[in-house]
Amino acid sequence: ASNAAASASTARRSGPLGTPVNPSDFSAVPDVIVNHRLGHTYIKGPFLGKGGFAECFQLTRTDTNEVFAGKIVSKKSLSKRAKAKLETEIIIHSSVQHPNIVQFADWFEDDVNVYMVLELCASKSMMELVKGRGRLTEPEARYFLYQIIDATRYLHEESVIHRDLKLGNFFLSHDMCIKVGDFGLATRVTHEGERKKTLCGTPNYIAPEILEGEHTHSYEVDVWAIGVILYILLFGRPPFESESAKTTYERIQNIQYSMPADVPVSHDGRSLIALILTRNPFDRPSLNTILAHPFMTNPQMPDRLPTSCLTRPPKWV
Ligand code: ADP
């Protein structure tokens, strides 16, 4: 499971826009960062992590002592296309608000960097959780899936397709709630029935219609990713993973995956995965239909989870 989870994350390191990541591209981030427009000063704290384009540091706002995550992108590293994507990320992320979405607080720029000030999450994402634990218990999977679906349902109501739902983009709060982050591939549907064309996503989670060059996609790609996520949570590895992205794509296009009988996953869990992972996007269930499925309505649904779940199954099992 750990290799599987790791490869799902490193796939993004090459950058969604195809720009290779070169550590020397990152400019030094100053120790004191000022948003002159609002008169806010932030002190740079510990390094939190690095993605395809951004470096993240803890930031403390001096007048309120509030602590945030600063996602900082060097302008030098940005191609024209990447700059346009960053603008979309800022416009979309700053416009959404939900308990299971990383809250966007502020953004500004200076000559060298663009700064996004975000709700600070614990350093662990669902990726580390699955790396440490392998497959989860069904009540845990149900608990996390509910929060992922609730956030996605909200985004779809706001005409936003996230397009990069995956374990590495689900941060965990200190009380084990999911915070969906990284709107770097998100897009807004501007008129009803609009279908998107651009190829994007992370190999293990890409929907088959995105791989069909001439075809278009919409909200159903997020539903597909939720099916992949449920499979990973219950079986402990991605359904279509292989040694190369090309073979993974072939498996996705042929819906070629198995649910091994010797893994103790319930009939309801298996049937929900099979319902979601369908080739034709219009045959996929809506998010509300998923929530009404017996796997999701099962009363074994914890209100909260202890942080000990990061390393071992909860005691009730
Ligand atoms: P990119 O869009 O360049 O891939 P990410 O959004 O994945 O960047 O962020 C890079 C890393 O920074 C993450 O893997 C994580 O370690 C850290 N990080 C990002 N956002 C937060 C946050 N809100 N709170 C804490 N750490 C964060």
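Starting from 1, residues in each chain are numbered consecutively following that chain's sequence as written. Since the coordinates come from a predicted model, pLDDT governs what is reported: local features require at least 70, and pairs of side-chain atoms require 80 or more to be given and counted, while whole-chain, interface and lining totals use all residues.

Moving on, we come to the overall build of the protein chain. Secondary structure elements are taken from DSSP: a helix is a run of H or I of four residues or more, a strand is a run of E of two residues or more, and numbering for both begins at the N terminus. Secondary structure assignment for the protein chain yields 10 helices and 10 strands. Residues are called buried when their C-beta atom has 20 or more other C-beta atoms within 10 Å, exposed when it has 12 or fewer, and partly exposed otherwise; all C-beta atoms are positioned from the backbone. For the protein chain, the proportion of its 317 residues judged to be buried stands at 38%. A fraction of 65% describes how many contacts in the protein chain between residues 6 or more apart in sequence connect residues 24 or more apart. Contact definition: two residues whose C-beta atoms, as placed from backbone geometry, lie within 7 Å.

Any residue whose C-beta atom, as placed from the backbone, lies within 6 Å of a molecule or strand is termed near it. The ligand sits among 20 residues. The nearest are Gly 49, Gly 51, Ala 54, Cys 56 and Ala 69. Taken together, the elements giving at least two residues each to the shell around the ligand come down to strand E2 (40–50), strand E3 (54–61), strand E4 (67–74) and strand E6 (113–119). Among the residues forming the shell around the ligand, the class breakdown is 10 nonpolar, five polar and five charged. Residues are sorted three ways: Asp, Glu, Lys and Arg are charged, Ala, Val, Leu, Ile, Met, Phe, Trp, Tyr, Cys and Pro are nonpolar, and all the rest, Gly among them, are polar.

UniProt positions are given in the numbering used here, feature names are shortened, and annotations may be inferred rather than shown by experiment. With numbering matched to this structure, UniProt assigns "binding site: ATP" (unreviewed entry) to Lys 71. With respect to the helices and strands, the residue Lys 71 is situated in strand E4. Beyond its immediate stretch of four places on either side in the chain, Lys 71 contacts Ala 54, Cys 56, Met 116 and Leu 118.

If you check which residues of helix H8 (residues 267–276) are buried, you get Gly 269, Leu 272, Ile 273 and Ile 276. Looking straight down H8, one finds its buried side chains confined to an arc of 100°; they lie on one side. Buried residues in H8 make contact with helix H4 (138–157), helix H6 (220–235), helix H9 (287–291) and helix H10 (294–297). Relevant arc is that of directions from the helix axis to the C-beta atoms, nothing else.

Time to look at the pairing of strand E1 (residues 32–35). Where E1 meets E2, four bridges bridge the pair, whose relative direction is antiparallel. What sits directly across from Val 34, in E2, is Thr 41. Note: two strands are recorded as paired if DSSP finds a minimum of 2 bridges between them. If you look at the hairpin formed by E1 and E2, you'll find four residues sitting between the two strands, and Gly 39 has a positive phi there, around 70°.

In this section: the pairing of E4. Within E4, six of the eight residues are buried, which leaves the element mostly enclosed by the surrounding structure. In the sheet, E3 pairs with E4 via seven bridges, with the strands oriented antiparallel. Note that in E4 the partner of Phe 57 across the bridge is Gly 70. If you look at the hairpin formed by E3 and E4, you'll find five residues sitting between the two strands, and Asn 65 has a positive phi there, around 65°. The pairing of E4 with E6 spans seven bridges and is classified as antiparallel. Its bridge partner being in E6, Phe 68 is matched across the sheet by Glu 119.

What follows concerns the nonpolar core. Ranked by internal contacts, the top residues of the largest apolar core, which has 78 residues, are Ile 148, Ile 226, Ile 229 and Leu 230. When sequence neighbours within four positions are dropped, the list of residues in contact with Ile 229 reads Ile 148, Leu 165 and Leu 167. For this entry, the nonpolar core is defined as buried Ala, Val, Leu, Ile, Met, Phe, Trp, Tyr and Cys residues connected by C-beta atoms within 7 Å.

The next point concerns the sheet that holds E3. The six strands lie next to each other as E1-E2-E3-E4-E6-E5, forming an open sheet whose pairing is antiparallel. The sheet is open, and its two borders are formed by E1 and strand E5 (104–109), each paired with just one other strand. Direction aside, neighbouring strands of the sheet carry axes that sit 35° apart on average. Looking at chain direction, E2 and E3 are connected through six bridges and run antiparallel. In the sheet register, Tyr 42 faces E3, and the bridge partner there is Arg 61. Fitted lines through C-alpha atoms serve as axes, helices being fitted only where they are in contact, and the angles separating the N-to-C directions of these axes extend from 0 to 180 degrees.

It is at 10 Å that the axes of H4 and H6 come closest, and there the two elements cross at 165°. For the element pair H4 / H6, the angle class is roughly antiparallel. Classified by chirality, the crossing of H6 by H4 is right-handed. On H6, the residues that touch Ala 141, Phe 144, Leu 145, Ile 148, Ile 149 and Thr 152 of H4 are Asp 222, Ile 226, Ile 229, Leu 230, Leu 233 and Leu 234. For the contact of H4 with H6, a count of residues per class yields 10 nonpolar, one polar and one charged. Oblique is the label for any angle not under 35 degrees, not over 145, and not in the 65 to 115 range, which are roughly parallel, roughly antiparallel and roughly perpendicular in turn. Rotating anticlockwise by less than a right angle from the far helix to the near helix defines a left-handed crossing, while the corresponding clockwise rotation defines a right-handed one.

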